[in-house]
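Descriptive analysis of the structure
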Amino acid sequence: TDPVLQPDSRLGHLQRQLGVPFKLTEDYIESGDGVAAYLIGRFFHKAGRDVRLVRSRIVGWNELKSENVIFVACLRIQTLANELAHPAEFEYRSTEEIRKRWPTGCIVNLRPRVGEAREYPQQVMNGYGQDYALLSVWPGKRPGRYVMVMGGSHHWGSEGVADYLTNPESLQELNQQFQTCAKRQGLKEHPRFFQVLLRVEIKDQQPVRCSYVTHRDLEIPAHGSRVD
């Protein structure tokens, strides 16, 4: 039994008074995820668009059918987005074999290109180092609906990618990467569905800079996308 709920504790006394058994829960939000949600909400508010903030475990299939949904969560946390089964070129993995090298898991590049690494781990010591984050955009369950998933292997990554997406200079950088990609493929515009790998620099346990590493376009034939 948790000491907080011992009979002689304040909560133990309150439990006896109410006659209702208390249960411990682990419902919480990590600070970086909270800041990320705030940054995204502020971004849309400035654009005159209202967004509804809900816990990820409350989001159901009906929301994916009728709404555009943004999942903001550390990649170690399971959300409904993990059940979408959309194609991916980057995946967060934390298998026993990977944890031997990287205790917090890492983002795996499934098909590395020349000059790219196979694994992108969090490397932070005493509050300094780097994390990697993923930004994925997939189709929703109905045409015209989208699902965006953002996060790193730690909550610093979530905050870093949210700051990147809401910063005009960073968005200009990403847009330039997309324009170059589309031009290389002979396309008039960049495909709608993709994954972006970002590097998040950590100082004093805070994300201070997020930068583009690489990206992949995703082939989802029913929606007219193609692979970069």
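Since the structure is predicted, the reported quantities are computational estimates derived from the model, not experimental observations.

Attention now moves to the packing of aromatic side chains. Under the criterion given, the structure shown has four aromatic pairs. Ring plane angle 90° and centroid distance 5.7 Å describe the contact between Phe43 and Phe44, whose orientation is recorded as edge-to-face. Phe43 sits in the partly exposed class, given a relative accessible area of 34%. Their ring planes at 40° and their centres at 5.8 Å tell us that Tyr146 and Phe193 sit as a pair that is tilted. Of this pair, Tyr146 sits in strand E7 (residues 146–152) while Phe193 sits in the loop between helix H6 (168–185) and strand E8 (194–203), and the two are 47 residues apart along the sequence.

Residue position: Gln130 is located in strand E6 (residues 128–139). Separated by 2.5 Å, the side chains of Gln130 and Arg199 make a polar contact.

With that settled, the discussion passes to a nonpolar patch on the surface. On the surface, Leu11, Leu14, Leu18 and Val20 cluster together into a nonpolar patch covering about 330 Å² of accessible area. Structurally, the position occupied by Val20 is in the loop between helix H1 (10–18) and helix H2 (31–46).

Basis of the calculations
Along each chain, residue indices are assigned from 1 in the same order as the chain's sequence is written. Selection of residues for local features in this predicted model requires a pLDDT of at least 70, selection of side-chain atom pairs for listing and counting requires 80 or more, and totals for whole chains, interfaces and linings are taken over all residues. To obtain the side-chain values, all non-hydrogen atoms of the structure were included, while hydrogens and water were left out. Any Phe, Tyr or Trp ring, taking Trp's six-membered ring, that has another such ring centre within 6.5 Å forms a pair; planes under 30 degrees apart are called stacked, those over 60 apart edge-to-face, and the others tilted. Only protein chains enter the accessibility calculation, which uses a 1.4 Å probe. A residue is then buried if its area is under 20% of the maximum for its type, exposed if over 50%, and partly exposed in between. Numbering of helices and strands starts at the N terminus; helices are DSSP runs of H or I of at least 4 residues and strands are runs of E of at least 2. Each polar contact in these results corresponds to two N or O atoms within 3.5 Å; when the atoms are within protein, one needs to be able to donate a hydrogen and the other to accept it, and residues that are neighboring in sequence are counted only if both atoms are side-chain atoms. To count toward a patch, a residue needs a relative accessible area over 30% and no salt bridge; like charges are then connected within 9 Å, while nonpolar side chains (Val, Leu, Ile, Met, Phe, Trp, Tyr) are connected within 5 Å. Note that accessible areas follow from Shrake-Rupley with a 1.4 Å probe, and for residues the cover is restricted to the protein chains shown. Take a side-chain nitrogen of Lys or Arg and a carboxyl oxygen of Asp or Glu: if they are within 4 Å of each other, that pair is a salt bridge.

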